Protein chains: 2
Amino acid sequence: MANITKKVSWSSRGDEGTPLLNGCEARRESSAGGAVFQIGRLSTVDLEEEMMSDEDSVRGRPKEIPHNEKLLSLKYESLDYDNIENQLFLEEERRMSYMGFRCLEISRWVVCGLIGFLTGLIACFIDIVVEQLAGIKYQVVKENIERFTEVGGLSISLILWAVLNSIIVMAGAIIVAFFEPIAAGSGIPQIKCYLNGVKIPRVVRLKTLVVKVCGVICSVVGGLAVGKEGPMIHSGAVVAAGVSQGRSTSLKRDFKIFEYFRRDTEKRDFVSAGAAAGVSAAFGAPVGGVLFSLEEGASFWNQMLTWRIFFASMISTFTLNFFLSIYHKNPGDLSNPGLINFGRFENDSVAYYLYEIPLFIAMGAIGGLLGALFNVLNYWLTIFRIRYVHRPCLQVMEAMLVAAVTATVSFTMIYFSDDCQPLGPEHTEEYPLQLFCADGEYNSMATAFFNTPERSVRSLFHNQPGSYNPLTLGVFTLTYFFLACWTYGLAVSAGVFIPSLLIGAAWGRLCGILLATISATGSIWADPGKYALIGAAAQLGGIVRMTLSLTVILVEATGNVTYGLPIMLVLMTAKIVGDYFVEGLYDIHIKLQSIPFLHWEAPATSHWLTAREVMSSPVTCLNKVEKVGTIVDTLSNTSTNHNGFPVVVQGAPSEEPAKLCGLILRSQLIVLLKHKVFVELARSRLSQRKLQLKDFRDAYPRFPPIQSIHVSQDERECMMDLSEFMTATPYTVPQDTSLPRVFKLVRALGLRHLVVVDDENRVVGLVTRKDLARYHLGKHGLEELQLAQT
Amino acid sequence: MANITKKVSWSSRGDEGTPLLNGCEARRESSAGGAVFQIGRLSTVDLEEEMMSDEDSVRGRPKEIPHNEKLLSLKYESLDYDNIENQLFLEEERRMSYMGFRCLEISRWVVCGLIGFLTGLIACFIDIVVEQLAGIKYQVVKENIERFTEVGGLSISLILWAVLNSIIVMAGAIIVAFFEPIAAGSGIPQIKCYLNGVKIPRVVRLKTLVVKVCGVICSVVGGLAVGKEGPMIHSGAVVAAGVSQGRSTSLKRDFKIFEYFRRDTEKRDFVSAGAAAGVSAAFGAPVGGVLFSLEEGASFWNQMLTWRIFFASMISTFTLNFFLSIYHKNPGDLSNPGLINFGRFENDSVAYYLYEIPLFIAMGAIGGLLGALFNVLNYWLTIFRIRYVHRPCLQVMEAMLVAAVTATVSFTMIYFSDDCQPLGPEHTEEYPLQLFCADGEYNSMATAFFNTPERSVRSLFHNQPGSYNPLTLGVFTLTYFFLACWTYGLAVSAGVFIPSLLIGAAWGRLCGILLATISATGSIWADPGKYALIGAAAQLGGIVRMTLSLTVILVEATGNVTYGLPIMLVLMTAKIVGDYFVEGLYDIHIKLQSIPFLHWEAPATSHWLTAREVMSSPVTCLNKVEKVGTIVDTLSNTSTNHNGFPVVVQGAPSEEPAKLCGLILRSQLIVLLKHKVFVELARSRLSQRKLQLKDFRDAYPRFPPIQSIHVSQDERECMMDLSEFMTATPYTVPQDTSLPRVFKLVRALGLRHLVVVDDENRVVGLVTRKDLARYHLGKHGLEELQLAQT
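Within any chain, residue numbers begin from 1 and follow the written order of that chain's sequence. Key to labels: chains lettered from A, ligands numbered from 1, both in the order written. Thresholds applied to this predicted model are a pLDDT of at least 70 for local features of residues and 80 or more for the giving and counting of side-chain atom pairs; totals over whole chains, interfaces and linings are not thresholded and use all residues. Hydrogens and water molecules were not included; the side-chain quantities draw on all heavy atoms of the structure.

Section: the overall build of chain A
Stage number 1. Secondary structure elements are defined from DSSP: runs of H or I of at least 4 residues count as helices, runs of E of at least 2 residues count as strands, and each element is numbered from the N terminus. Along chain A, the regular secondary structure elements total 28 helices and 20 strands.
Stage number 2. For chain A, the exposed surface amounts to about 28500 Å²; the carbon and sulfur share of it is 61%. Working definition of accessibility: Shrake-Rupley area with a 1.4 Å probe, residue cover restricted to the visible protein chains.

This is the structure we're talking about:
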C-alpha cells in the first residue's frame with residue numbers, strides 16, 4: 001500500500017571488526033562492514049500517496065572520518081533493572097511474611113534517611129572547607145595587592161595569584177587524572193546514564209567519592225570558573241550506592257545489613273534518591289531534587305519510590321541547614337537552605353507585569369542562543385581533547401594553564417577597569433578591592449572576579465541599581481563565557497551550573513540596566529536584579545536544557561514562587577531555541593563518550609523497523625541441563641562476550657531453534673561455576689548446603705571474571721542444572737513487533753535482555769540496549785550508529 | 001521447600017451469579033460461589049524455615065454481610081492505553097514523514113495550550129460568578145441582620161439566611177442528581193480512576209462539565225462547607241478530553257482536526273494535562289498541578305509528556321491571572337495567581353527554628369488523627385447514603401437540609417459568640433458583622449462563618465495575633481468539622497480541599513495561641529498564622545493523604561518556599577498516622593464504588609500467585625478468518641460481554657488450544673461489522689474503498705452496541721479476515737509468571753488485555769484489570785475481592 005523507498009547511502013567504512021554484545025554473525029558483517037548505515041528519509045511517500053521520482057535525491061555523500069558521536073561503544077553494559085525471578089527468589093519472597101515486607105519497607109526508608117543525612121554532611125564539609133580555604137587565599141592575595149597598589153609592581157601580585165591558583169588546581173587535577181578519571185567534570189552525565197540503566201564502570205565507588213570531594217574543593221578554591229553544586233549530585237549518588245549495600249567492597253567491610261538490596265533494581269532506586277539528595281543539598285531544593293531524579297532518570301513512576309526520594313531530599317537539606325546554622329553561629333535557624341543561596345528577593349521588588357513577558361521570552365531566546373554557542377564551542381573543544389589531550393600529565397598541565405589564565409584574565413580585567421563604586425555601610429562584598437579607586441570606594445569589576453562564583457551571583461542579583469556599570473558587565477560576560485567554556489571538560493571535578501548562572505546574571509543585569517536607560521519612566525524597570533535572575537535562568541537553561549526540574553530548583557533557590565511563571569517561560573524558550581541548534585551540554589558529552597543512552601521514546605519514524613531487523617541473532621543459547629565445558633567455553637569467548645543467555649529445551653530432536661524456557665545471566669553462571677553446582681557433585685554430596693540467594697548477593701556487584709575460575713578437565717564433563725537459577729519467565733516479543741513497541745517495553749520495564757521468539761516460542765534473537773540505542777534521528781532521517789569496541 | 005499453609009476462611013456467600021469480564025467458567029464457580037475468598041496469612045513459615053503448628057490459628061470468622069467495598073464491579077472497562085498496532089496503524093505511521101511527526105508534536109502543544117487557556121477561563125468564570133453572587137447574598141443577609149439586631153426578631157434573619165441557602169443549594173443539587181450524577185462531589189476520585197486507566201462512563205462529557213460548573217457555583221454560593229477547587233480539576237479534565245478530540249459528540253460538531261488523537265492513548269495523556277491545568281488554576285500552582293497528575297495518575301513517566309502537561313498548567317495559571325487582574329482593575333499584574341490565594345507570608349514572620357520541628361510533627365500527627373476520624377465518619381455516612389439515600393429527590397432534600405443546618409449552626413454560633421474584636425483601619429473582612437458588639441468592633445465568629453471559606457482561611461492565616469479568642473476557634477473547629485464531613489458526598493459539585501484547610505487552620509491557630517499563652521517568652525510563638533498554615537496542611541494531608549504534590553501546591557499557594565520543609569514533614573506525618581487507621585478519602589470513595597483501581601505495585605505477599613491462577617480461562621478466541629455469524633454471536637453473548645479476543649491460527653487439526661497470532665477488540669469488530677468488511681463482498685466490490693483508520697476514529701469513543709448492527713442471514717455465512725485489523729504482536733506472558741511480574745507489565749504499559757500463553761505459544765488465558773485489582777492486602781493478609789455486576 002505504502003510505497004516505501006529506502007534511500008540508503010554508505011558512508012565511511014569502519015576499519016575495525018566490532019564484536020557485538022550478543023554475537024549476531026549475520027548482522028556483524030553488514031553492520032561493521034557498512035559502518036554508519038544511514039537511511040535518508042525513510043519514506044518519501046506523503047499522505048496523499050503520490051509517487052515521486054527520487055533517484056536524483058539519493059545522497060551519495062563523500063566519505064568522512066567517523067566522528068566519535070557516530071559510534072556506540074560496546075564497553076558499557078546495562079543494569080538489570082528487571083528482577084531475576086528464579087526459583088530461589090520466588091521461594092524467598094513466598095517465605096516472607098507480610099511483616100517481613102513491612103520491615104523491608106522500613107529499612108528502605110532508613111536507608112534513604114541515611115543517604116540524605118550523609119549527603120548533607122558531605123555538602124556541609126565541602127562548603128565549609130571551600131569557604132575557609134578560599135577565604136585564606138583571597139585574604140593573602142588582597143593584602144598583597146593592597147601592598148603593591150601603592151608602591152607599584154602589581155605584576156608580583158598577579159604572579160602570586162596565578163601561581164597559587166595553579167598549584168591548588170594542580171592538586172585537584174592530579175588526583176582526578178591519575179587516580180580516578182571518572183570523577184572529572186560534574187558527574188551529572190554519568191549519573192544520568194546510570195539512572196538511564198547504563199552501568200558506567202567505577203562511577204559509584206567510594207574512591208570516586210573521595211577524589212570527587214577533594215577535587216571539587218581544589219577546583220573551586222583554585223579560582224576556576226566552576227561551581228561545587230554539580231559534583232554534589234554525583235556525591236549523593238555514590239553515598240546512596242554505598243549505604244544501600246550495607247558494605248564497602250573497597251574497604252572490605254561488610255556490615256551484614258541491607259543484604260536484600262544487593263541487586264541492580266534496588267540499588268538504582270537508591271541511587272536516584274542519592275542524586276535527588278545531592279541536588280537538594282546543593283540548591284536547598286528538595287522538590288527540585290526529586291524532579292531532577294525523575295526528569296533525568298526515572299522511567300517507571302512509582303509513588304512509594306518517589307516519596308522515599310523526597311524523604312532523602314528533605315533530610316539532606318535539613319542536615320545541611322542544621323550544621324551550617326551551627327557553623328554560622330545561628331544554631332537552629334533552618335530557613336536558609338542550600339549550598340548556593342540566591343538570597344531573598346523582597347516581595348515588593350518582585351512584581352512583574354504582562355508587558356514584561358515578551359522581554360522575558362526574548363531573554364530566553366538569547367539564553368538559548370548563547371547556550372547553543374557555549375555547547376558548540378565546548379563540543380569542538382572536547383573533540384580536540386579526546387584526540388590530543390588524553391594523557392594524564394597533559395590533562396593536569398591543561399588544568400594548570402586554565403587556572404593561570406583565569407587568574408591573569410581576572411587580574412587584567414580588574415586592573416583596567418575604572419568602575420569605582422562607593423562602599424556602602426551594609427555592603428555585601430566580602431573582599432572589596434580598593435585598588436585605584438578613591439577611598440571609601442571599591443572596584444566593581446573585582447566584585448565579580450575576586451570572589452567565589454556563588455557570591456558573585458548573589459551580588460549580581462541583589463546589589464543596588466547602579467552597583468555595576470554596563471561596560472563592566474559586558475566585558476565580564478564575554479570573558480567569563482569563554483573561560484567557563486574552556487573549563488568545562490577539564491580533568492577536574494567541577495560543575496557548570498554556577499558559571500552558567502553567573503554569565504546569565506551578568507548579561508541579564510546588563511539587559512536590565514539598558515532597559516532602565518532607554519525607558520523614559522524608568523520606575524518599573526528600575527530593578528536590574530530581576531533581570532539578572534531571568535538572565536541566569538535563560539543561560540543555564542540554554543546550556544543544560546532542563547525545564548521542569550530547573551524551574552523548581554531556581555524557584556526554591558530564590559525562596560519565592562512569584563518568579564515561577566517567568567522562569568518557566570524563559571526555560572522553555574531557551575530550550576526550544578537551543579534545541580534548534582544543538583543538544584544540551586550533558587547530552588553532547590554522553591554522545592561523545594558513545595554511551596548507549598536510551599531516550600524516552602523510539603525515534604518517531606522507526607515504525608518500519610521490527611524486532612526481526614534490530615535484534616541480534618543467532619543467539620548463543622544454553623540447554624536447561626548443560627555441560628559445564630560448554631558453559632565455560634561460552635563465557636570465555638572473548639569475541640562475543642555475551643551477558644545473557646536464553647535457556648532452551650530441545651523439543652523434537654530435529655527441531656531448530658529450540659523452545660525458550662528461561663534466561664540466565666553471565667553473573668549467575670559465574671557464581672554457579674564458582675560454587676561448583678554440578679548435577680554429579682550434588683548427588684555425591686547430599687549433605688552440602690544448597691546454593692542460596694545470599695551467595696549471589698555476596699558476589700554482587702563485582703562478579704569475578706571467568707578467567708579467575710578454575711574448572712578442571714573432569715569437571716568440564718559434569719552437567720549443570722540451570723532450571724532453578726534461570727529467570728523462568730523472561731519477557732518476550734514476537735519477531736514482527738515494531739521497534740517503538742519493543743522500545744516501549746524495554747524502556748518502561750528497564751529490561752536488559754528481551755528475547756525475540758517466533759510463533760512457536762522458539763528463540764530467534766535477543767534485543768539489548770545497544771540494539772535500540774543504535775537508531776536515532778539525524779538530520780537526514782533515521783540513522784544507525786556503528787558499534788565499536790572503544 | 002517452603003511449607004505454605006493456606007488459611008482459607010469462607011465468609012458470606014454471594015447471591016448473584018457474577019459473569020466475568022472474559023468468561024472463565026471454571027473460576028466463576030469458585031469465585032462467585034466462594035464470595036470473599038480470603039487467604040489468612042499466606043505463609044506461616046518464617047525465614048528460619050521453622051514449622052509452626054497453626055491449626056489453632058485458622059480464622060473461621062462468623063459470616064458477615066458483604067460490604068460494598070469487598071466487591072469489584074464488572075461495570076467498568078479499561079482504557080486502551082496500549083496502541084492498537086495493526087497493519088492500518090503501522091502503514092499510517094510508516095507513511096508519515098519526519099515533518100509529519102513534527103506537526104503532530106506541534107499540534108499536541110497547541111492542544112495543551114488550548115486546554116490551559118480554556119481551563120483558566122472556566123476558573124475565572126466560576127470565581128467571578130461566585131464572588132458576585134455570594135457578595136449579593138451576604139449583603140442581603142447582613143443588612144437584614146443589622147436591621148433586626150436593633151429591633152429584635154433575629155429569627156427572621158435566620159430564616160431568610162437558611163431559606164436563601166437552601167434554595168440555591170437545591171438548584172445545584174437538582175441538576176446534579178437528576179441530570180448528571182457523575183458531576184457530584186469533587187470529581188477527583190473519578191479523574192484519579194480515569195488516569196489510572198478505568199473508563200468511568202460519562203466522566204469527560206460536555207454535559208458533565210456544564211453541570212459541574214453550575215453545580216459548584218450553587219454549592220459555594222449556597223454557603224455549604226465546600227470549596228470550588230476540587231471541581232476545577234474535573235473541569236480541566238473534561239476540557240482536555242473535549243478539545244483534544246477536535247469535536248463534540250454531544251453537540252454533534254466535528255471540526256475535522258486532531259483526528260490523530262482520537263484514541264485512548266492520546267486522550268488519556270491530554271486528560272492528565274487537563275487535570276494539571278485544573279489544579280494549576282485552582283491553587284495557582286503549575287508545578288503542583290504537574291505533580292498532582294503524576295502522583296495520582298501517571299504510570300510511565302515521559303519527559304515530553306510532562307513538559308506538555310507543564311505547559312498546559314502554566315497557560316492555565318497565566319490565563320486566570322490575566323483575566324482576574326483585569327477584573328480586579330489592575331490589568332497586567334500577574335503576581336497573584338490561583339483561585340485560592342493564601343496571601344503573602346512576610347519573610348520576617350516566616351522564620352522557624354529547630355525546636356519548632358517537633359511541634360510541627362505533633363501537629364502533623366493530630367492532623368492524621370483528625371483526618372482519619374473525618375474519613376471514618378464519612379465512610380459510614382457514605383455507606384448509609386448508598387443504602388438509603390439513593391433516590392435523586394431524597395438526595396436533593398438531603399442537600400437542602402444540610403444547607404439549612406449549616407446556616408442555622410452558623411447563625412447560632414455567631415449569635416452566642418461574645419468574641420468582639422476592634423475593627424482596624426485596614427481590616428480584611430469584607431462583611432464585618434457588628435451584631436451585639438460595641439461600635440467600631442465586629443463579631444469574630446462571624447468572620448469565620450459569614451464568609452466564603454477561601455476568605456476565612458486567609459483571615460486565619462493573616463489576621464493579627466489576638467483577632468480570635470481560643471473558644472471561638474475551638475467551637476468553630478468542632479462544628480465545621482462535622483458540617484464538612486456531612487457535606488462531602490452530597491449530590492452537589494463541591495470540593496473538600498478548602499473545608500479541610502479551614503478546619504486545620506482553625507485548630508492550628510488555636511495551637512499557636514495556646515503555645516503563645518503557655519510559653520513564658522512568647523516572642524517567637526507570637527505568630528499564630530504560622531501555626532494556622534501548619535494545621536491546615538496537617539488536616540488536609542490527613543484527609544486526602546497526598547504528600548509530594550500537596551507540598552508543592554501549598555508552597556506555591558503561600559508564595560514562599562521557606563515553609564517547604566515543615567509542610568513536608570507535617571504531610572508525611574499526617575499520612576503515616578492516618579494510614580495506620582484508614583485510607584485516604586478519595587481511596588475510600590473509589591473502593592465504595594467497587595472500581596477496579598490498580599495500585600502502584602502488586603500486593604507484597606502475592607508472589608505465590610502466578611498468571612495461571614489469576615487469568616480468566618477458557619478464553620473466547622477468534623480465528624484469523626472467522627465466520628461473521630460466529631463473531632456476531634460472540635459479541636451478542638450478554639452473559640460474557642467480552643471486550644478483547646485473542647486471534648488464533650489452528651495449527652495441526654487436532655491441536656487445542658490454538659496458537660496466538662493477534663488480538664482484536666470488540667470496538668474494532670463492531671466497526672468491521674458496520675462497514676461489512678467481509679471477504680466475499682470485497683471480491684465482488686473491488687472498486688469499493690478500503691476501510692481506513694479514519695473509520696475507526698470516527699466511531700471513537702461511542703462505538704455502537706452490537707444490537708444496533710444488522711447482519712442478515714446471508715451475511716452471517718460470510719467470512720471476515722481479521723489479519724489486517726488485529727494487533728499482530730500483543731504482549732504475552734507465560735503461565736508461570738508471578739503476579740507481581742504480570743502486574744508490573746500491565747501497570748507500566750497500561751495494558752487492557754494481556755494474553756497468557758503456554759510454552760508453545762498457545763492461548764491459555766487472558767489477564768485484565770479486574771483479575772489484578774481483585775487481590776489486595778487486607779488485615780489478615782492477601783484477600784480476593786468478589787466480582788459483581790453492580
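Topic: the pairing of strand β19 (residues 781-784) of chain B
Residues and elements named next belong to chain B.
Stage number 1. In terms of strand pairing, strand β18 (residues 775-778) meets β19 through four bridges, oriented antiparallel. Bridge pairing in β19 places Leu-777 opposite Leu-782.
Stage number 2. When DSSP locates at least two bridges between a pair of strands, those strands are taken to pair. Hairpin connection, β18 to β19: the antiparallel pair is bridged by two residues.

Some points on the side chain of B:Gln190
Stage number 1. Its place among the elements puts B:Gln190 in helix α5 (residues 188-196).
Stage number 2. We call two residues in contact whenever any of their non-hydrogen atoms come within 4.5 Å of each other. Residue contacts for B:Gln190: discarding those within four places in its chain leaves B:Ile182, B:Ala184, B:Ile200 and B:Val203.

Observations concerning the sheet that holds strand β13 (residues 659-665) of chain A
All names here are of chain A.
Stage number 1. An order of β10-β12-β13 is seen for the three strands of this open sheet, with the pairing classed as mixed. Strand pairing shows two members of the sheet lacking a second neighbour, β10 (622-623) and β13, which therefore form its edges.
Stage number 2. By the bridge criterion, two bridges tie β10 to strand β12 (residues 644-649) in an arrangement that is parallel. Across the sheet, residue Leu-622 finds its bridge partner in β12, namely Val-647.
Stage number 3. As a rule, the C-alpha atoms of each element are fitted with a line to give its axis, helices using only the stretch in contact, and angles between N-to-C directions run from 0 to 180 degrees. Contacting β10, β12 and β13, helix α23 (residues 666-674) runs over the sheet at an angle of about 75° to β13.

Description of the nonpolar core
Stage number 1. In terms of nonpolar packing, the biggest core is built from 338 residues, with A:Phe374, A:Ile414, B:Phe374 and B:Ile414 touching the most fellow members.
Stage number 2. At 16 residues, helix α3 (residues 98-151) of chain A tops the list of elements feeding residues into this core.
Stage number 3. Core analysis: the next-biggest nonpolar cluster, separate from the first, contains 58 residues, A:Val756, A:Val767, A:Tyr775 and B:Leu72 among them. As used in this record, nonpolar core signifies buried Ala, Val, Leu, Ile, Met, Phe, Trp, Tyr and Cys residues forming a set joined through side-chain atoms within 4.5 Å. Burial classes follow relative accessibility: with a 1.4 Å probe on protein chains only, a residue under 20% of its type's maximum area counts as buried, one over 50% as exposed, and anything between as partly exposed.

Points about unusual backbone geometry
Stage number 1. Across the junction of A:Tyr700 and A:Pro701, the peptide omega takes the value -5°, indicating a cis bond.
Stage number 2. Residue placement: A:Pro701 occurs in the loop between α25 (693-699) and α26 (713-716).
Stage number 3. One non-glycine residue, A:Arg202, lies in positive phi territory at about 65°.
Stage number 4. By the element assignment, A:Arg202 lies in the loop between β5 (198-199) and α6 (206-221).
Stage number 5. By relative accessible area, which is 36% here, A:Arg202 ends up partly exposed.
Stage number 6. Unlike most non-glycine residues, B:Arg545 shows phi in positive territory, near 60°.
Stage number 7. Along the chain, B:Arg545 falls in the loop between α17 (528-544) and α18 (548-558).

Digging into the pattern of salt bridges
Stage number 1. The salt bridge definition used is simple: a Lys or Arg side-chain nitrogen within 4 Å of an Asp or Glu carboxyl oxygen. Evaluation of the coordinates by the stated rule reveals 61 salt bridges over all chains.
Stage number 2. Across the pair A:Asp579 and A:Lys575 runs a salt bridge, and its minimum N-O distance is 2.9 Å. One end of the pair is A:Asp579 and the other is A:Lys575, both in helix α19 (residues 564-581) and four residues apart, which spans about a single turn.
Stage number 3. Given the relative accessible area of 15%, A:Lys575 is considered buried.
Stage number 4. Taking the shortest distance from any N to any O, the salt bridge between B:Glu454 and B:Lys228 comes out at 2.9 Å. Of this pair, B:Glu454 sits in helix α14 (residues 453-462) while B:Lys228 sits in the loop between α6 (206-221) and α7 (230-245); the two residues are 226 residues apart in sequence, bridging distant segments of the chain.
Stage number 5. On the basis of relative accessibility, which here comes to 4%, the residue B:Lys228 falls in the buried class.
Stage number 6. A single network of salt bridges, built from pairs that share partners, joins A:Glu105, A:Arg108, A:Arg263, A:Glu266 and A:Arg308.

As for the confidence of the model for chain A
Residues and elements named next belong to chain A.
Stage number 1. Per-residue pLDDT for chain A averages 81, and the proportion of residues at 70 or more is 85%.
Stage number 2. Between residues 1-66, whose pLDDT stays under 50, and residues either more than four places distant or in other chains, the model counts 131 contacts.
Stage number 3. Prediction confidence for the complex, expressed as pTM and ipTM, is 0.87 and 0.86 respectively. Every residue is assigned a pLDDT by the predictor, reflecting its confidence on a scale from 0 to 100.

Looking at the state of the cysteines
Stage number 1. Throughout, a disulfide means two cysteine sulfur atoms within 2.5 Å of one another. Enumeration according to the criterion identifies zero disulfides over all chains in this entry.
Stage number 2. Here A:Cys103 stays unpaired: no disulfide links it, and the sulfur of A:Cys112, its closest cysteine neighbor, is 16 Å away.
Stage number 3. With a relative accessible area of 47%, A:Cys103 lands in the partly exposed category.
Stage number 4. There is no disulfide at B:Cys661, and the cysteine sulfur nearest it, in B:Cys621, is 9.8 Å away.

Some thoughts on the environment of B:Val492
Residues and elements named next belong to chain B.
Stage number 1. Note on placement: Val-492 falls in the loop between α15 (470-487) and α16 (497-518).
Stage number 2. Overall, Val-492 belongs to the buried group, its relative accessible area being 3%.
Stage number 3. Placed 274 residues apart in sequence, Val-492 and Cys-218 show a C-alpha to C-alpha distance of 8.5 Å.
Stage number 4. If we skip the residues at most four places from it in the chain, Val-492 touches Val-169, Ala-173, Val-176, Ala-184, Gly-185, Ser-219, Leu-224 and Ala-399.

Examining the side chain of B:Lys137
Residues and elements named next belong to chain B.
Stage number 1. If you trace the backbone, Lys-137 turns up in helix α3 (residues 98-151).
Stage number 2. When charges are counted, Lys and Arg contribute as positive and Asp and Glu as negative, whereas His and the chain ends are disregarded. Glu-454 provides the closest opposite charge to the buried, unpaired Lys-137, separated from it by 11 Å.
Stage number 3. Residue contacts for Lys-137: discarding those within four places in its chain leaves Trp-161, Leu-164, Asn-165, Ile-168, Val-221, Gly-222 and Gly-223.

Considerations on a nonpolar patch on the surface
Stage number 1. Residues enter patches when their relative accessible area tops 30% and they take part in no salt bridge; the joining distance is 9 Å for like charges and 5 Å for the nonpolar side chains Val, Leu, Ile, Met, Phe, Trp and Tyr. Together, A:Ile106, A:Val110 and A:Leu114 give the surface a local cluster of nonpolar side chains, amounting to about 250 Å² of exposed area.
Stage number 2. If you trace the backbone, A:Leu114 turns up in helix α3.

Here's the deal with the packing of helix α11 (residues 357-388) of chain A against helix α15 (residues 470-487) of chain A
Residues and elements named next belong to chain A.
Stage number 1. Here α11 crosses α15 at 40°, and the two axes come no closer than 9 Å. As summarised for this structure, α11 and α15 are arranged oblique, according to the angle between their axes. The two elements α11 and α15 cross, and the hand of that crossing is right-handed. On α15, the residues touching Leu-370, Leu-373, Phe-374, Leu-377, Asn-378, Leu-381 and Arg-385 of α11 are Phe-481, Phe-482, Ala-484, Cys-485 and Trp-486.
Stage number 2. Note on residue categories: nonpolar means Ala, Val, Leu, Ile, Met, Phe, Trp, Tyr, Cys or Pro, charged means Asp, Glu, Lys or Arg, and polar means any other residue, Gly included. A class-by-class count of the residues in the contact of α11 with α15 yields ten nonpolar, one polar and one charged. In this scheme, roughly parallel covers angles under 35 degrees and roughly antiparallel covers those over 145, while 65 to 115 is roughly perpendicular and the rest are oblique. Rotating anticlockwise by less than a right angle from the far helix to the near helix defines a left-handed crossing, while the corresponding clockwise rotation defines a right-handed one.

Description of the sheet that holds strand β16 (residues 753-757) of chain A
All names here are of chain A.
Stage number 1. Across the sheet, which stays open at both edges, the three strands sit in the order β15-β16-β17 with mixed pairing between neighbours. With partners counted over all chains shown, the strands left at the sheet margins are β15 (732-734) and β17 (763-768), one partner each. Pairs of neighbouring strands in the sheet enclose a mean axial angle of 30°, with direction left out of account.
Stage number 2. Here β15 pairs with β16 via three bridges, running parallel. Pairing of Val-733 across the sheet is with Val-756, part of β16.
Stage number 3. Those strands touched by helix α27 (residues 739-749) are β15, β16 and β17, and its axis lies near 145° from that of β16.

Examining helix α20 (residues 585-592) of chain A
All names here are of chain A.
Stage number 1. Counting buried residues in α20 gives seven out of eight residues, a clear majority hidden from the surface.
Stage number 2. If you check which residues of α20 are buried, you get Leu-585, Tyr-586, Asp-587, Ile-588, His-589, Ile-590 and Leu-592.
Stage number 3. Looking at the buried positions of α20, the neighbouring elements they touch are α5 (188-196), α11, α16 (497-518) and α17 (528-544).

With respect to the packing of aromatic side chains
Stage number 1. Here the aromatic set is Phe, Tyr and Trp, taking the six-membered ring for Trp, and pairing holds for ring centres within 6.5 Å; pairs whose planes are under 30 degrees apart are stacked, those over 60 apart are edge-to-face, and all others are tilted. Evaluation of the coordinates by the stated rule reveals 36 aromatic pairs over all chains.
Stage number 2. Ring geometry for A:Phe384 versus A:Tyr388: centroids 5.1 Å apart, planes at 50°, classification tilted. On the criterion of helical spacing, the pair formed by A:Phe384 and A:Tyr388 is a turn pair, its members being four residues apart in helix α11.
Stage number 3. For A:Phe384, a relative accessible area of 45% puts it in the partly exposed group.
Stage number 4. Given the relative accessible area of 51%, A:Tyr388 is considered exposed.
Stage number 5. When the centroid spacing of 5.9 Å and the interplanar angle of 25° are considered together, the rings of B:Phe258 and B:Phe261 count as stacked.
Stage number 6. The exposure class of B:Phe258 is buried, given its relative accessible area of 18%.

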